[in-house]
Structures are given as C-alpha cells and as structure tokens.
Amino acid sequence: MDISGPAKDNKLEVELNRRKNLGPDSIKRRREVASRYKPLHRHLYKLEDKFLSPKFQELVEYARSHHATKEGLVKAISSEAAERVYSFPVFTEDFCRELIEELIHFEQSDLPKGRPNTMNNYGILLNELGFDEEFLTPLRERYLMPLSRLLFPTEGGGDLDSHKAFVVTYKMEEDLDLNYHYDNAEVTLNVSLGKEFIDGVLYFGDMRTEPRREKYTKYVHKPTVGLLHRGQHMHGAMPISDGERYNLIIWMRSSKVRNKLCPMCDQEPELVKSVGYGDGYTRKEELVDVCSTL
Ligand SMILES: O=C(O)CCC(=O)C(=O)O
Ligand SMILES: [Fe+2]
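Definitions and cut-offs
- Residues numbered from 1 in each chain as written.
- Chains lettered and ligands numbered in written order.
- Predicted model: local features only at pLDDT ≥ 70, side-chain atom pairs only at ≥ 80, totals over all residues.
- Heavy atoms only, no water.
- UniProt positions renumbered as here; feature names shortened; annotations may be inferred.
- Axes fitted to C-alpha atoms, helices over the stretch in contact; angles between N-to-C directions.
- Helix = DSSP H or I, 4+ residues; strand = E, 2+ residues; numbered from the N terminus.
- Left-handed = near helix turned anticlockwise from the far one by under 90°.
- Contact = heavy atoms within 4.5 Å.
- Nonpolar A, V, L, I, M, F, W, Y, C, P; charged D, E, K, R; others polar.
- Near = heavy atom within 4 Å.
- Polar contact = N/O pair within 3.5 Å; in protein donor to acceptor, adjacent residues only side chain to side chain.
- Areas by Shrake-Rupley, 256 points an atom, 1.4 Å probe, with all protein chains shown as cover.
- Donors = N, O, S within 2.8 Å, 3.2 Å for Na, K, Ca; no water.
- Buried < 20%, exposed > 50% of the residue type's maximum accessible area, 1.4 Å probe, protein only.
- Phe/Tyr/Trp six-rings, centres within 6.5 Å; stacked < 30°, edge-to-face > 60°.
- Lys NZ or Arg CZ within 6 Å of the ring centre and 35° of its normal.

If you open the UniProt record of the chain and go to Cofactor (unreviewed entry), you find "L-ascorbate".

For the rest of this paragraph, the subject is the packing of helix H3 (residues 70-77) against helix H6 (residues 132-151). In the contact formed by H3 and H6, the axes pass within 8 Å of each other and the chain directions differ by 115°. In this structure, H3 meets H6 at a crossing whose hand is left-handed. Each of Lys70, Leu73, Val74 and Ile77 in H3 lies in contact with H6, whose residues at this interface are Leu147, Leu150 and Leu151. Among the residues forming the contact of H3 with H6, the class breakdown is 6 nonpolar, no polar and 1 charged.

Within the structure, ligand 1 sits among 15 residues, and Tyr170, Asn190, His221, His235 and Arg245 are positioned closest to it. One nitrogen or oxygen atom from the side chain of Asn190 is found 2.9 Å from an oxygen atom belonging to ligand 1. In this structure, Trp251 approaches ligand 1 through a side-chain N or O atom, which is 3.4 Å from an oxygen atom. In the complex, the protein chains occlude 98% of the 300 Å² of accessible area that ligand 1 would expose alone. Of all the secondary-structure elements, those providing two or more residues to the shell around ligand 1 are strand S4 (162-171), strand S5 (178-181), strand S11 (233-237) and strand S12 (240-253). Ranked by residue count, the leading element in the shell around ligand 1 is S12, at 4 residues. Residues of the shell around ligand 1, tallied by class, amount to 8 nonpolar, 5 polar and 2 charged.

To continue, consider the coordination of the iron ion (ligand 2). Around the iron ion (ligand 2), the protein contributes the donor atoms His181 (NE2), Asp183 (OD) and His235 (NE2), which lie 2.1 Å from the metal centre. Mapping the donors of the iron ion (ligand 2) onto the primary sequence gives the spacing H-x1-D-x51-H. Highlighted residues: His181 in strand S5 and His235 in strand S11, separated in sequence by 54 residues. Just as His181 is buried, His235 falls in that class too.

Another aspect to go through is the packing of aromatic side chains. The final tally for this structure, using the stated rule, is 15 aromatic pairs. Relative to Phe152, the ring of Tyr86 lies with its centre 6.0 Å away and its plane at 50°, an arrangement referred to as tilted. Note that Tyr86 is positioned in strand S2 (residues 85-89) and Phe152 in the loop between H6 and S4, a separation of 66 residues in sequence. Residue Phe152 is classed as buried on the basis of its relative accessible area, which comes to 0%. An aromatic cluster is defined as three or more aromatic residues linked by ring pairs; in this entry it consists of Tyr45, Phe51, Phe91, Phe95, Phe131 and Phe135. Taking NZ or CZ as reference, Arg64 lies 5.1 Å from the ring centre of Tyr143, over its face. Just above the ring of Phe197 sits the side chain of Arg245; from NZ or CZ to the centre is 5.9 Å.

See below:
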C-alpha cells in the first residue's frame, strides 16, 4: 500500500518517536537486568583469550605486528566467502555452547527484553545483558579493529569507535529467515554459535550503492566461524527448515565516516540526543546521537 499525505506524516511521526525512545527504554531495561538478573555463566561477561580460537588469536597477533600488510592478512585468512567477506574461526566450541546456554537462561527469565531491530523479533541485545563494558568493547578495540584496519581501511575499519551487538535466533515457529538488507554499520562481524540447523544459508549480493546484478554468493554457516564484512554489503538469510540457529552479530561503527554521511539515508546526519553509543555518531566527541532522518 502506498500511503501519502497525513497518513504518511503520522507514520513517520510514530517511527520518529519510536526511535527517540529507543535509548531511554533501553537504559531502563539495562538497569532492571543489572539489578535482578542472575547470570548462569558469569565468567562469560569478561573477555578472556581462552574463549577465542587459536587461529583467530594468530590472525590478530599478525595484524597487530609492525610488518603486517593487507595481502599478508588475506593470505593468512585464506578464505573469502564472497567478495571481501572474510571467514575464520573466532570462538571455541565451549564458549559458543555456554553463550547459547546463557541466552536461553536470560530468555526464560521474566526480565524485559529489547529486540535488536525491526527485522528480528527474538534476538537479544547484548548491551542490555551487560556484555558491552568488559567483553564487546575490548573485543572490538583489541581484536577486531586490527583486522578491519587492514581489510577495510577506506570504510573506517581503523576507526571503529562504537558498536551495536546482538544475537539473532531462528527457530521453527519463530523467525525463520532475514530479509535482504544492509547493516547500520561500517564493518560487521557475524559469528555462528550453533546449535544444529538445516538450511538457513546466508547470501551476499552487491554493495548498497552499486547497481544490482542480481547475482548472489551463498555461504553455509559453521559454528565457531565468523564472517567479517562491510556493513553496506547487502545480504540476507534463507529460512531454516529444521533446528535452531544462533548467530552473534556485531555492527561496528566509525563516527569519522558516519558523521559525514548517514549510511542509512545518505544525507548529512541530523542528530537527536540519545544514550550509550546511540547509532555511533559523535557531536563534540560524545557517542550519544542517532540520525532522525527517515
Ligand atoms: O543470520 C545471519 O546470518 C545474518 C544476520 C544479519 O545479517 C543481521 O542481523 O544483520
Ligand atoms: Fe545484517
């Protein structure tokens, strides 16, 4: 249905208010979770090298070294799932299993849950659960940025100063798939955590700003393995036909890049005050703004 006039204005107003309230609503949930939630695996909330696959640690060590080059890193990764979509093991099997157990434990609690975005009805926002400070921020700064600095230098890969992280879940009778889209991110990490599932293939098409070639490259997720890709590289997930599929998604943002041009609306961002990392824009070095242009 094509709506115009007052009906459209009203829809935009409702959406704008929804976006403006996202921050305050999320803070309320975060506070409630922090005061009432008893984690099942408390040790997971603080990043440790033992959660990471040895191959991932090796790649990061190389990327941090003075002699590292993009070509050297791409050769060491040795696996490109689609054009400039790099795949490598990220976590250990034990870590993936325990993280899923933790998420199920949280899902079963009576605590309020914010959902990642309008495309996903069952995922969990990891900042509301308390993963930002000691797990996600160090993972982005110390491990993912050395890799993306080399792999995506012109997309802001060396200046990823905030993120939004969540786990998406696909189950029979819940969400089964994800529409073709681009992320609100400069660089995205997508790690398969498990469990077992049939189908649910991820596919990549063109960059958002390139003309459509209608050509897709398919990728079959393997638990513990992650993909690092440009946020503007369009992708989607085909439906699973059985089982349960959990993926950790980290949308990483560069304020240097997005302050100039909002990657969702292609305009200079018009900022509205928000909380936490917001959508990763900065005003006077503060990471608390969202772009209100729809
Ligand atoms: O399910 C997947 O593998 C993709 C998820 C995704 O692209 C997203 O949440 O942005
Ligand atoms: Fe995505």
